Amino acid sequence: MIRRAANAKYTEKKMFDGAGTAKMRLILESNSEMYDKGRVFNHLYLEPGCEIGWHIHHGDGETYYILKGCGEYNDNGTIVTVGPGDVTFVDAEEGHSLRNTGNETLEAIALILFK
């Protein structure tokens, strides 16, 4: 399979009552493309001031790989600054959020795998 950039599918929505909206390019478009071992593999875009609000994962974990920009990551109540090259992970039954605190688009790869 080859999925051309020109044919990429995007979605945009408010995430867990966070400020603004998150735009996502679906890298893999279905659970079956992840052999039913995950539910999200996206390129995430957060404009300045936008965020993915606080939420807890149940039965899965999520990794962010920060590509561009800077932000604040809430790691189970501990706020840390993240930037390009940083990797975050939240395990099942733990919570997190991500907010763009910079002046440019924060870009990250988001991967959610089932535990």
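Provided above is the structure to which this section pertains.
Residues numbered from 1 in each chain as written. Predicted model: local features only at pLDDT ≥ 70, side-chain atom pairs only at ≥ 80, totals over all residues. Heavy atoms only, no water.

Quick notes on the overall build of the chain
Part 1 of the reasoning: When helices and strands are tallied, the chain shows 0 helices and 10 strands.
Part 2 of the reasoning: Walking the chain from its N terminus toward its C terminus, one meets helices and strands in the order β-β-β-β-β-β-β-β-β-β.
Part 3 of the reasoning: The C-alpha radius of gyration of the chain comes to 14 Å, within 12% of the 13 Å expected for a compact globule of 115 residues.
Part 4 of the reasoning: Referenced to the eigenvectors of the C-alpha coordinate spread, the extents of the chain come out at roughly 40 × 30 × 25 Å.
Part 5 of the reasoning: In the chain, 60% of the contacts between residues at least 6 apart in sequence involve partners at least 24 apart.
Part 6 of the reasoning: Of the roughly 6500 Å² that the chain leaves accessible, carbon and sulfur atoms contribute 51%.
Part 7 of the reasoning: In the chain, 12 side chains carry a positive charge and 17 a negative one; their mean positions are 8 Å apart. (Helix = DSSP H or I, 4+ residues; strand = E, 2+ residues; numbered from the N terminus. Rg over C-alpha atoms; globule rule 2.2 N^0.38 Å. Contact = heavy atoms within 4.5 Å. Areas by Shrake-Rupley, 256 points an atom, 1.4 Å probe, with all protein chains shown as cover. Lys, Arg positive; Asp, Glu negative; His and termini not counted. Charge placed at Lys NZ, Arg CZ, Asp CG, Glu CD.)

Regarding the sheet that holds strand β6 (residues 71-75)
Part 1 of the reasoning: The 4 strands lie next to each other as β4-β9-β6-β7, forming an open sheet whose pairing is antiparallel. Only two strands of the sheet have a single neighbouring strand rather than two, namely β4 (51-56) and β7 (78-82). If you compare each strand with its neighbour and ignore which way they point, the axes differ by 15 degrees on average. (Pairing = 2+ DSSP bridges. Axes fitted to C-alpha atoms, helices over the stretch in contact; angles between N-to-C directions.)

Here we look at the sheet that holds strand β1 (residues 10-13)
Part 1 of the reasoning: With antiparallel pairing, 6 strands are arranged side by side in an open sheet as β1-β2-β3-β10-β5-β8. Looking along the sheet, the strands with just one partner apiece sit at the ends: β1 and β8 (87-90). On average, each strand axis in the sheet is tilted by 25 degrees relative to the strand beside it, whichever way the strands run.
Part 2 of the reasoning: Pairing analysis gives 4 bridges linking β1 to strand β2 (residues 22-26), with the strands arranged antiparallel. Bridged to Glu-12 within β2 is Lys-23.

Quick look at the pairing of strand β10 (residues 106-114)
Part 1 of the reasoning: Here strand β3 (residues 38-46) pairs with β10 via 8 bridges, running antiparallel. Residue pairing across strands places Val-40 opposite Ile-112, the latter belonging to β10.

Structural notes on the pattern of salt bridges
Pairing of side chains with opposite charge becomes possible as their charged atoms draw close.
Part 1 of the reasoning: Scanning the model with the defined rule gives 7 salt bridges in all.
Part 2 of the reasoning: Two residues, Glu-33 and Arg-3, come together in a salt bridge whose shortest N-O distance is 2.7 Å. On the criterion of sequence distance, the pair formed by Glu-33 in the loop between β2 and β3 and Arg-3 in the segment before β1 is long-range, its members being 30 residues apart.
Part 3 of the reasoning: Arg-3 gets classed as partly exposed once you look at its relative accessible area, which sits at 23%.
Part 4 of the reasoning: Glu-29 is the salt-bridge partner of Lys-9, the closest N and O atoms lying 3.4 Å from each other. Here Glu-29 lies in the loop between β2 and β3 and Lys-9 lies in the segment before β1, a separation of 20 residues in the sequence.
Part 5 of the reasoning: For Glu-29, a relative accessible area of 28% corresponds to the partly exposed category.
Part 6 of the reasoning: In the salt-bridge network here, residues are joined through shared partners; they are Arg-3, Lys-9, Glu-29 and Glu-33. (Salt bridge = Lys/Arg side-chain N within 4 Å of Asp/Glu carboxyl O. Buried < 20%, exposed > 50% of the residue type's maximum accessible area, 1.4 Å probe, protein only.)

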